[in-house]
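Now for the letters of each chain:
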Amino acid sequence: ILQGTANQIGTIAGLTAGGTLTVVDSTALTLAGKVSVGTGGTVDIRTTAGGVSQANTGTLIAGTLTSTGGIAGAAILQGTANQIGTIAGVTTGGTLTVVDSNNLNLAGLVSVGSGGTVDITTSSGGVTQAAGGTLVAGILTSSGNIAGLASLKGIANQIGAISNLTANGGLTAVDNMGLTLAK
């Protein structure tokens, strides 16, 4: 648990923790190599300046990814071997990009603001959200497709547009405002 608000951690690389990894950082943070808390663990990242990034060669393994206090910038997690079970309570500064190799669940508030973009790709499995979840995004997209069903049933969702999203198992989306479907 690294909760110092003055932390200046540039990169976390090759770290395996038992159960929980909490990081508060005052600068942009890069995840490199394999960062793992196991499929039942929780990764909680907060940045007060800058975002969180990961190249496609990185791997994040966590049962839950959360952000108590939010991520000040974009969160770009492009590791093709990522194994993230649930994204819950994550607020970012405008962009959330997640590539996952498993089913992905959205829970609680997941927000990039009404002008931001959420880009989700799964190579195996779909994306699910129960009625109690809330997704706030100007655009929901999938640059690499969703391998299974995309079922977003949050009754408080605020999605401006769904654009360039292919879900091989179908798409169900509940929205609490006017929704635009775009190509």
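As a convention, each chain's residues are numbered from 1 in the sequence order in which they are written. In keeping with the predicted nature of the model, local features appear solely for residues at pLDDT of at least 70, side-chain atom pairs appear and are counted solely at 80 or more, and the whole-chain, interface and lining totals rest on all residues. Working from all heavy atoms in the structure, the side-chain values ignore hydrogens and water.

Asks: It is not clear to me how the overall build of the protein should be interpreted in this structure. Could you clarify?
Replies: Numbering of helices and strands starts at the N terminus; helices are DSSP runs of H or I of at least 4 residues and strands are runs of E of at least 2. Within the protein one finds zero helices and 16 strands. As a reference, a globule follows 2.2 Å times the number of residues to the power 0.38, and the radius of gyration itself is taken over C-alpha atoms. Here the protein has a C-alpha radius of gyration of 15 Å; the compact-globule value for 183 residues is 16 Å, and the two agree. In terms of overall dimensions, the protein has a C-alpha envelope of 40 × 30 × 25 Å along the principal axes. Buried positions account for 48% of the 183 residues belonging to the protein. Long-range contacts, defined as pairs at least 24 residues apart, comprise 18% of the intrachain contacts of the protein with a sequence gap of at least 6. In this description, accessible areas are obtained by the Shrake-Rupley approach with a 1.4 Å probe, and a residue is regarded as covered only by the protein chains that are shown. Total accessible area on the protein is roughly 7400 Å²; 52% of this is exposed by carbon and sulfur atoms. If the 4 positive side-chain charges of the protein are averaged to one point and the 5 negative ones to another, these points end up 6 Å apart. Only protein chains enter the accessibility calculation, which uses a 1.4 Å probe; a residue whose area is less than 20% of its type maximum is buried, one above 50% is exposed, and one in between is partly exposed. Contacts between residues were defined by any pair of non-hydrogen atoms, one from each residue, lying within 4.5 Å. Charge convention: Lys and Arg are scored as positive, Asp and Glu as negative, and His as well as the terminal groups of each chain are ignored. Lys charges are placed at NZ, Arg charges at CZ, Asp charges at CG and Glu charges at CD.

Asks: I'm lost on the pairing of strand β10 (residues 117-122) in this one. Help?
Replies: Along any regular strand, the residues point their side chains to alternate faces of the sheet. Of all the six residues making up β10, five are buried; the element is thus mostly covered by neighbouring parts of the structure. Strand direction decides the pairing type here: strand β8 (residues 95-100) and β10, joined by six bridges, are parallel. Residue pairing in the sheet places V99 in a bridge with T121 of β10. Whether two strands pair comes down to DSSP finding at least two bridges between them. In this structure, β10 lies alongside strand β12 (residues 134-141), joined through three bridges in parallel fashion.

Asks: I tried to follow empty space enclosed by the protein on my own but got confused; where do I start?
Replies: Once rolled over the atoms, a probe with the size of a water molecule shows which space is left empty. In this analysis the probe radius is 1.4 Å and the grid spacing 1 Å, with only protein atoms considered; a cavity is a set of points the probe fits into but cannot get out of, a pocket is an open set with protein on both sides within 12 Å along at least five of seven lines, and lining residues have an atom within 4 Å of a point. Grid points are joined across faces, edges and corners, and a volume is the space filled by probe spheres set on the points. The final tally for this structure, using the stated rule, is two cavities of 30 Å³ or more. Put simply, the largest cavity is a space of about 60 Å³. Forming the walls of the largest cavity are I45, V52, L65, I71, A75, L77, V90 and L96. Only Asp, Glu, Lys and Arg are considered charged in this grouping, and only Ala, Val, Leu, Ile, Met, Phe, Trp, Tyr, Cys and Pro are considered nonpolar; every other residue, Gly among them, is considered polar. Split into classes, the residues belonging to the lining of the largest cavity amount to eight nonpolar, no polar and no charged. If you add up the space inside the second largest cavity, you get close to 40 Å³. L106, I120, V127, L140, I146, A150, L152 and L165 are the residues that line the second largest cavity. Broken down by class, the residue content of the lining of the second largest cavity amounts to eight nonpolar, no polar and no charged.

Asks: Explain the environment of G50 here, please?
Replies: Tracing the backbone through its elements, the reader meets G50 in the loop between β3 (29-47) and β4 (52-54). Setting aside its immediate chain neighbours within four residues, G50 contacts A28, I71, A72 and G73.

Asks: How should I be thinking about unusual backbone geometry in this particular structure?
Replies: In the Ramachandran plot, N145 falls in the positive-phi region, its phi being about 80° despite a non-glycine side chain. Given the relative accessible area of 32%, N145 is considered partly exposed. Unlike most non-glycine residues, N164 shows phi in positive territory, near 50°. With respect to the helices, strands and loops of the structure, N164 is situated in the loop between β14 (158-163) and β15 (171-173). According to the relative accessible area criterion, N164 is partly exposed, its value standing at 47%.

Asks: Help me understand the side chain of T59 in this model?
Replies: One can find T59 in strand β5 (residues 59-66). Residues within four places of T59 in sequence aside, it is in contact with G33, K34, V35, Q54, A81 and N82.

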